[in-house]
Structure formats: structure tokens, C-alpha cells
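# Commentary on secondary and tertiary structure
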Amino acid sequence: MLLRCEYHVDSDLRFLSNLDMMHLMERALRRAHIPYALSEGFNPHLKMSLGTVLPVGLWGQKEYFDLELRIPMDPEIFKNNLNEHLPPTMGLNRVAIIDSHSPALMKVINSAAYCFVIDAPADRLEELSQRLLKASELIVRSRGKKKDQNKDLRAGIFKIEVNQNQEFVIMELWVSTGEPVNVRYDELIELLEHNGIAPGSLKDVYRSGNYIYHDAAFNTPLEKVK
Amino acid sequence: MKDRLFREVLPRVSKPARYTGGEVNMIIKDWDKADVKMVFAFPDVYEIGMSHIGGKILYGLVNERTPHLMERCFAPWPDMEAVMREQAVPLYSLESFRPLTDFDVVGFSMQYELSITNVLNMLDLAGIPLTSRERNAEHPLIVAGGPVAFNPEPFADYFDAFQIGDGEDLLPELLDVISRNRGASRATLLLALSGIAGVYVPMLYEPSYSSDGTIQEIKPRGEGIPARVRKRVVKSLDEAYYPEKPIVPYMTIVHDRAVLEVMRGCQRGCRFCQAGMVYRPLRERSLETLRKQAQAQLYSTGYEEISLASLSTLDYSGVDSLVHELVKEYGSQGIGVSLPSLRVDAFSIDLANEVQKVRKTTLTLAPEAGSQRMRDIINKNVSEEQLLEAAQAAFKSGWLAIKLYFMIGLPYEAEEDLDAILELLKKVKEVGSRFSRRPVEIRASIACFVPKAHTPFQWQPMNSPEELETKRRYMTRYRQKNIKLSFHDNRVSFLEGVIARGDRRLGPVIYKAWQLGCKFDGWSEYFDYGRWQEAFRQCGIDPNFYTTRERSRTEIFPWDIIDTGVGRAYLWRESEKAKDIALTDDCRANSCTGCGICPRFAVGLDLPDAGLVASQRPVFIMDEEQVD
Ligand code: SF4
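Residues numbered from 1 in each chain as written. Chains lettered and ligands numbered in written order. Predicted model: local features only at pLDDT ≥ 70, side-chain atom pairs only at ≥ 80, totals over all residues. Heavy atoms only, no water.

## Structural notes on the overall build of chain B
A tally of regular secondary structure across chain B gives 20 helices and 19 strands. Its C-alpha atoms give chain B a radius of gyration of 24 Å, within 12% of the compact-globule value 25 Å for 628 residues. Across the 628 residues that make up chain B, the buried fraction comes to 61%. Pairs at least 24 apart in sequence give 77% of the contacts found in chain B among residues at least 6 apart. Carbon and sulfur atoms provide 49% of the accessible area of chain B, an area that totals close to 24,000 Å². Between the averaged position of the 79 positive side-chain charges in chain B and that of its 87 negative side-chain charges there is a distance of 3 Å. (Helix = DSSP H or I, 4+ residues; strand = E, 2+ residues; numbered from the N terminus. Rg over C-alpha atoms; globule rule 2.2 N^0.38 Å. Buried < 20%, exposed > 50% of the residue type's maximum accessible area, 1.4 Å probe, protein only. Contact = heavy atoms within 4.5 Å. Areas by Shrake-Rupley, 256 points an atom, 1.4 Å probe, with all protein chains shown as cover. Lys, Arg positive; Asp, Glu negative; His and termini not counted. Charge placed at Lys NZ, Arg CZ, Asp CG, Glu CD.)

## Notes on the sheet that holds strand β14 (residues 336-338) of chain B
Residues and elements named next belong to chain B. Strand order in this open sheet of 3 strands is β10-β13-β14, and the pairing throughout is parallel. If you trace the sheet from one side to the other, it starts and ends with β10 (258-261) and β14, each paired once. Between one strand axis and the next, the sheet turns by 25° as a mean value, whatever way the strands run. Where strand β13 (residues 305-309) meets β14, 3 bridges bridge the pair, whose relative direction is parallel. Bridging from a neighbouring strand, Ser307 pairs with Ser338 of β14. Strand contacts of helix α10 (residues 319-330): β10, β13 and β14, with the helix running at about 175° to β13, the strand carrying the most contacts. (Pairing = 2+ DSSP bridges. Axes fitted to C-alpha atoms, helices over the stretch in contact; angles between N-to-C directions.)

## Side note on helix α2 (residues 75-85) of chain A
All names here are of chain A. Among all positions in α2, only Pro75, Phe78, Lys79 and Leu82 are buried. Looking straight down α2, one finds that the buried residues subtend no more than 95° of arc, so they occupy a single side. Residues of α2 that are buried in the fold lie against β1 (2-9), α1 (18-31), β3 (59-68) and β4 (90-98). You can read the cap of α2 off the contacts: a side-chain oxygen lies 3.2 Å from the backbone nitrogen of Glu76, and it is on Asp74. (Arc of directions from axis to C-beta. Polar contact = N/O pair within 3.5 Å; in protein donor to acceptor, adjacent residues only side chain to side chain.)

## A word on the packing of aromatic side chains
Residues and elements named next belong to chain B. A full pass over the atoms with the stated rule returns 32 aromatic pairs over all chains. Residues Phe150 and Tyr279 carry aromatic rings whose centres are separated by 5.7 Å and whose planes lie at 90° to one another, so their mutual orientation is edge-to-face. Separated by 129 residues along the polypeptide, Phe150 in the loop between β4 (141-145) and β5 (161-163) and Tyr279 in the loop between α8 (274-278) and β12 (283-284) bring together distant segments of the chain. The residues Phe150 and Tyr279 share a single accessibility class, namely buried. A cation over an aromatic ring shows up here: Arg98 above the ring of Trp31, its NZ or CZ 3.8 Å from the ring centre. (Phe/Tyr/Trp six-rings, centres within 6.5 Å; stacked < 30°, edge-to-face > 60°. Lys NZ or Arg CZ within 6 Å of the ring centre and 35° of its normal.)

## Details of the domain arrangement of chain A
All names here are of chain A. Annotation of chain A at the domain level lists domain 1 (2-107) and domain 2 (109-224). Each of domain 1 and domain 2 has a C-alpha centre, and these two points are 26 Å apart. With 21 residues of domain 1 at the interface, the matching set in domain 2 holds 15 residues. Buried surface at the junction of domain 1 and domain 2, summed over both partners, amounts to about 1,600 Å²; 52% is from carbon and sulfur atoms. Considering only the surface of domain 1 that becomes buried against domain 2, Leu58, Trp59 and Tyr64 emerge as the three largest contributors, covering 31% of it. The shortest N-O distance in the salt bridge between Glu63 and Arg207 comes to 2.7 Å. Linking domain 1 with domain 2 are 14 residue pairs in polar contact (both at pLDDT 80 or more), by the criterion used here. (Domains from an automatic or database assignment. Buried area = accessible area lost by both parts, 1.4 Å probe. Salt bridge = Lys/Arg side-chain N within 4 Å of Asp/Glu carboxyl O.)

## Comments concerning helix α11 (residues 346-355) of chain B
Considered for burial, the residues of α11(B) that qualify are B:Ser348, B:Ile349, B:Leu351, B:Ala352, B:Asn353 and B:Val355. On its buried face, α11(B) is in contact with α10, β14, β15 (362-368) and α13 (384-396) of chain B.

## Re the nonpolar core
Residue and element names in this part refer to chain B. Counting residues in hydrophobic clusters, the biggest one holds 118 residues, and the most contacted among them are Phe108, Phe159 and Leu193. Looking at which element gives the most residues to this core, the answer is helix α5 (residues 116-126), with 7 residues. Apart from the residues within four sequence positions on either side, Phe108 is in contact with Ala41, Pro43, Val119, Met122, Leu123, Ile142, Val143, Ala144, Gly145 and Phe159. (Core = buried A, V, L, I, M, F, W, Y, C linked by side-chain atoms within 4.5 Å.)

## Some words on the pattern of salt bridges
All names here are of chain B. One pass over the structure, following the stated rule, counts 68 salt bridges over all chains. Among the salt bridges present, the one from Glu413 reaches Lys471, with a minimum N-O distance of 2.7 Å. With a gap of 58 residues between them, Glu413 in the loop between β16 (401-408) and α14 (415-435) and Lys471 in helix α15 (residues 465-475) connect regions that are remote in the sequence. By the burial criterion, Glu413 is buried, and Lys471 matches it. Each of the salt bridges in this network shares a partner with another, and the network as a whole consists of Asp166, Glu168, Glu261, Arg264, Arg283 and Arg285.

## Side note on the interface of chain B and chain A
Size of an interface, as often reported, equals the accessible area lost when the parts are brought together. Contact residues are listed per partner, giving 27 residues for chain B and 22 residues for chain A. Taking both partners together, chain B and chain A bury about 2,000 Å²; carbon and sulfur atoms supply 56% of that area. Linking chain B with chain A are 4 salt bridges, by the criterion used here. The closest approach of N and O atoms between B:Glu304 and A:Arg27, which form a salt bridge, is 2.7 Å.

## With respect to the side chain of A:Arg207
Residues and elements named next belong to chain A. Tracing the chain through its elements places Arg207 in strand β10 (residues 202-214). Given a relative accessible area of 2%, Arg207 falls into the buried group. Only 2.7 Å separates the side chain of Arg207 from the side chain of Glu63, close enough to count as a polar contact. In terms of polar contacts, Arg207 uses its side chain to reach the side chain of Tyr114, at 3.4 Å.

## Details of the packing of α10(B) against α11(B)
Residue and element names in this part refer to chain B. It is at 10 Å that the axes of α10 and α11 come closest, and there the two elements cross at 10°. Put simply, α10 runs roughly parallel to α11. Note on packing geometry: the crossing formed by α10 with α11 is left-handed. Packed against α10, whose contacting residues are Val319, Asp320, Val323, His324 and Val327, the element α11 presents Phe347, Leu351, Glu354 and Val355 at the interface. Considered class by class, the residues forming the contact of α10 with α11 number 6 nonpolar, 1 polar and 2 charged. (Parallel < 35°, antiparallel > 145°, perpendicular 65-115°, else oblique. Left-handed = near helix turned anticlockwise from the far one by under 90°. Nonpolar A, V, L, I, M, F, W, Y, C, P; charged D, E, K, R; others polar.)

## Focus on the pairing of β4(B)
Residues and elements named next belong to chain B. Burial runs high along β4: 5 of the 5 residues are buried. Every second residue of β4 is oriented toward a common face, with Leu141, Val143 and Gly145 on one face and Ile142 and Ala144 on the other, all of them buried. Inspection of the sheet shows strand β3 (residues 105-109) paired to β4 by 5 bridges, in the parallel sense. Paired with Gly107 across the two strands is Val143, which belongs to β4. Traced from β3 through α5 to β4, the parallel crossover comes out right-handed. Pairing geometry for β4 and β5, over 2 bridges, is parallel. (Right-handed = clockwise from strand over helix to strand, strands pointing away.)

## Some points on the sheet that holds strand β17 (residues 441-448) of chain B
Residue and element names in this part refer to chain B. Strands sit in the order β15-β16-β17-β18 across an open sheet of 4 strands; the sheet is parallel. Pairing within the sheet leaves two strands with one partner each, and these edge strands are β15 and β18 (483-487). The sheet shows a mean angle of 20° between the axes of neighbouring strands, taken without regard to direction.

## Points about the environment of B:Arg18
Residues and elements named next belong to chain B. By the secondary structure assignment, Arg18 is in the loop between α1 (2-9) and β1 (37-42). Between the alpha carbons of Arg18 and Leu410 there is a distance of 38 Å; along the sequence they are 392 residues apart. A polar contact of 2.7 Å, which involves the side chain of Arg18, links it to the side chain of Glu47.

## Some points on the environment of B:Lys481
Following the sequence through the fold, B:Lys481 ends up in the loop between α15 and β18. Sequence-wise, B:Lys481 and B:Glu441 are 40 residues apart; in three dimensions their C-alpha atoms are separated by 8.9 Å.

In C-alpha cells, the structure reads:
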């Protein structure tokens, strides 16, 4: 049985690497006595696949993994059991049974939303987002492949929203994580800096979600499995 | 503090997960309800400190079994240190993010001589005066324990008290005494501490020196202060506390697995080995206890691997059944068993095969010396035949690389002994070519022998860095295909040698070295011999006095103040036997060889599963000279 799980990682765990996170999950699964399936062969390992890697330094509200179970389990019971054994600083939001032939998360997720918590007036950020969306190109230094070459992010920025929270303003950017361009959060920080957001006024950054972007709609991997 | 760390400090440093705490099974006790507050300080990075078994024991013990509390702190890597200094962030504990100055006690775990510069650096980062003399009741009490404390004298300036030997009973007693002396002056507290068996308070002793620089006497400074401090021994390891819910770090650490301490001590009597002498007698845990501890640890941690730790795990009475049971019980869940140290024989290889069905990459064996003559001198009871049999068994069952540990600079060493290492490597390779289907790789890790306190070789001169360098060059004068030699830095070994048998006069040198910027001296990227040389020069101390000098039979050693239970007469006898190339038996396999600890400390080998317990032990040999 294949389960798709949506989880959150709080700010306290933002410095964990992807490998650390895998270990954390595996160990929690063992502590919770979850009947996970093991791969065949001499060196069996968990059949778990994570969605796109959460960058070190960021926390996340809606991250995903798929896990295969050896013995079927009620998703609610699974969620509650595992949550009891995860650190209080992370947990499963939702779990659903999915078709065991569903395409992998890595294949379907093509978009992410990043939130930048900024100490600046909301109207100024509102104006900035309009400007960014109207620009014909948005050049930054590439942090991914082709390191340090110029990279145009424009085609990869789908949507921007600006919301006031208690203290600061949250600027949320929906971006592409595959075609036409893979937009990284650190490249977005550079873009904001180019546009007058001083590093000191950037209070926090997190990933608010991962999506399947299709026909101008953002669906979570739980809403749209195939 | 925490918020600032997470926002402003940690994003700027490498491996920030070292500094966040909050791991699974971390214990945060109520600060206001806890009695004595102690922080366990490890003078190296998190991933090394968290791998250390003694720390896990004490952390669980204090927090679960006593009214006191213990939190943790590790040495920040230099990048973190720089940001902390720049931002004026004091050294803090990982549980409650409190500065170290909030604690009553800071307890350093001293596993390695050269971590002392990190101790100084950590105290400085915490804003605590470095020397015992400068501290008073306003400051935390600074204590140390661990193997290095068996020669505490070089560090006498910096620690208020040392804990000698097993900490399971000692540490709670120490914390109780601190609690009872709350509000007392530092002098009163130190006096009270010196009354605890196993506690050495250096300030209460006064050394005097002869004209040749050797020690004349180390005298207690008053009535009622013990002339010698006896190490503490846990009589029954089986009944001793062991943590069932150890912390599971988020980041990968050096030993990232559940661990069972199957036994403590070693009775083989290798003459170079300090641990083998100071942790006597041998005590084992019963299979039943280990079974329970394995289950509890695996369930509470979710680890994918469990390791059987001790000085010589293959000597554990129940090793065969334990390994088979663990593999049977947990193998199907994808949980592996690991054996950190193998004995040089075919049985060990069989057992290694049992736990390592795949991924047979590198097997590690430690013959320590190349010639039979030298192995007899050091009392390493291994024959060439056994080693080649082990190699054959390993290659036959699919291992492709063997790593062998050797030492150079051993007592009475001649060129033939160095040749013998190379010949032995060649023979192992030949066995590999004959019995393995694929080309094999032989790696030798070659350490420099450092004579240690409380061992039969404590009288031996150490080779100078120049001599060691000549030996290295000699051994590398030609290359052999598929045999790789790697040598320890002989300057690091030399410095270890200075401190290992050093005395109080090294205190200022250590201070100077730290001032000159020495830290992380065990890390090759930070070790700076030039700075140490400068420190010796400025303090007018000749390091060779502690290393290359011959010592006479009757010389009083700085570490004589510590009574490990193993008598000096026995050590001397062993030293003479080394000269005569004579072996001494294993006191478990055969009869007591008279090291003295069992009769003197009223303890015994404790082997619950070998049908042999302390009370049934036959008569012990006792030396007249050893009775004090
Ligand atoms: S006193 Fe005898 S039996 Fe006890 S540890 Fe020493 S040699 Fe072994």
C-alpha cells in the first residue's frame, strides 16, 4: 500500500539537510513500529521517496513524501502513530492512500511557493510585486547549475501575493521548479535585494507549499495524484 | 538567546545542526526544581562528543536518577566561534540555551590530551576565568573526568577537581556534596570534594622538584587530604546504570548508531595500552541485560544499527550468542549489528561475516607490530599464523580490503622490526592474491608509539620526531603495489607524549599555546607545531624532558598521585619482561597475573555469563611492595 504524506517542518529544524531529514523520518517510522516495506536484496532499505528537497536554512509548511507499507494501515492511524514519534517541531498534516502506480512526487511537483517575511511597508511591496510581474526579464546570478552565470527568472515567476501579518509583511512568490526555469529561493533573495529589500529587513524565509502547476492552477500533490 | 541564534548566528556557519539541540530523547529538566545544575562539556565538535558512550551514560544517569540536572555543550568549530565572538554570544548549553555561567558545575570529558586547548577556549568563550586560582564561589566549579584524568597534573591549573575512574557512583556523590555546600566558599567546597573517594583536587597538593628536574614529592597541603587518590570502580557492570533512551542526533555523527557496552576493562595486558591498565578489572554485562538494553535502545531511538562496544568486544564471553540473537531478532527489520574492534583470528572474521553479509569493503585488524619479537615485547598475543589465517578467512569470504594498524617507535625497536611490518603486509597481500577473486588492497595505518602513564612502558623514552621521521622515510623508501602506508603526524604524537607524562610545569605552556591561537590540535588542519614550539620556548620548558628522557626505576612520577589499583611493582615487572621478550598471560583465560587491583580494591573479574563471578575467583597473587 502506498501512502502520500504531507508534513510540516518548523523553524527549529530549518538547519537539517535532506539526508538528516531522511534519517529522522526513518527512525521515527521504526520507533512508531510502522510496517514499512523494505526493498529486496541484501541491503534492504525503506521504500520512501521525498518530494523536492527543502533547502537547508528553510522551514516548510507543506512538504511531501510517499511511503510504501508492507501491511495496509488506516491513514489516520498511521498519521497519529507517526506524529507521536516525530519531534514536536515537525508533523504530518494529511495522509492519503494513493494508487501504487502513481508517478513519483519528484516527477509531478513543478512549482513551489516561498514566503519572504519582510520589515517594509505593505504598499511598497505591493508596488514591487507589480513591477516584478511586469518586467520583461529578471536577471540574477545562477546558484544552481551553470553557477554564477546570468539567469533570467522572469518566466519562472507565476504569481506574487502580499499579506500583512502581525508584525511584518509576507511576500509570497509562486515559482517554477522545473521547466521553463528552476527558480531557487536564494536567487529570489538576490532579486529582492536588487530591488531595494535590504538583507537586514528580510526577517524569515520559508516554503509554504509545493504544487503541480497546470493550466494556470496550483494543485497540491494530494489533490492531484496523477 | 535562541531566537537570535537561529536568525542571526546559525545561518552564517557551517553545519548549524551542531548548535541547535532539540534532538529526539533530549532531556530538559525543570531548571527551578533541579538541585545542582551541571553542563557536560565536550572539548571537541558535536559529532565527536555525541559519539562518546561515557557522556550518554552520565547524561541519562544524572537526569533520570538524581535530583540534579545535566545539559550539554560542545566546542564550536572556528567559524562558529568567530561569529559568537563577533556577536558577543557566550558559550551556551543545547538544552536551555543558557550561558555556561548559569551552571553550578561545568564537567569536561577529557578523552584526548590535546583537547586541553579547546577546554581553555571554551572557558574563555563562556566568560569563565581559565585557572582555578582566579575562580571563586561566584563561578561554576570546573571539573574533568575521562582517561586523560589518570595523569591530571599537566592540567592542574585549569580544573578545580578531577574525577578518577568510573563515574556512575562518583558523579552523583560529587553533585550531592556540591549541593550540601551551597553558599560555602570555594575553599570549603574544594576541601569537601577532596573527601570523596576518586576525587582529586589539585590545588590541595604541592609538588616539589629535585635539582635534575624530576619530582621530589607531591604533598597534600593539609590534614585529612588523601596522599593518593584511588580511582573508582563500578563492581558490577551488570547492575550499573545504562541509558535506555539515548539522544538521537539530527545530523550524522561519527558513531551514528545504538550502542551496547558489553564489557568494561580488558585483561589482555598489552604493555603499551593505558586503557587496558587503568580500567581493570574486566567486568561484563550479562546476555540478559544486554538483550533488554538492545531492545530498549532500538525502540526508543529507531536506529538502523547497533554496535557492541568495549576495548576488545570479541573477548566478551557471550559475543557469539549475542551477535546471532541480535541478527535474528532485528535483521528482518533492516537493523544491522556492528563490531567496532575485531580480534586477529579466524573466529573474528566468521563473526564479522555474520553481521556483514554485504558491503564487505574494508576489514580492520590491529597486529600493532610486524615481528613476532616486537609483538612479544608489547605482549600483543598474536602470531603471524593467526593473522594470515584471519586474512585468508576474510579474503575467501569476499572482503576486498584489509586495514592493519601498527605502531613504530616501540621500545627496543630495530630496523628488522620495521622491515617485518612491510614483510607482513606483503604476506597479507599474497594471501589476498591467492584467495580473493578480485584484486585486493592492503592499507596500513602507522601510529607513533606514545608511552603512557600507568603502563609498563611509563619508564620508556619516546622517540624524537626526528627519529620517527627517519623511520618513516626508511619504511617508505620503495613502494609496493596495492599496499598503502599512512603515517600519523609524528609532531602531534610528540606533543601527546609531552602531555601524557607531563607535570604541572606544563600549565603555563598550555596557556601560552592557547594564547598563540592553538585549538583543535587533534585536527590536522588546525594543528600548528610552530606555535607549540614557541610556547615551550617562551616558557623555558624543554619538551624532551617529558619524552626522550630515560626514567629510573625509582623516579617519582606526577601521576603516582593517582592509584589505579594496578601496582607499580607489577608495571615494573612487566617492563622488565618486555626487555626479556617474555609474555604475560591473559588473566581471564588463565590465572591471576598479579596486577594487584582485585585484592587491593576488593573487586574481581565479573563475568556473569562465563560461569565465573568475583566471589568464585581463585586466589589472587599479591605483591608485598604493593600493599600500601
Ligand atoms: S588482580 Fe589478577 S585477576 Fe585481577 S585484574 Fe589483575 S591480574 Fe587480573
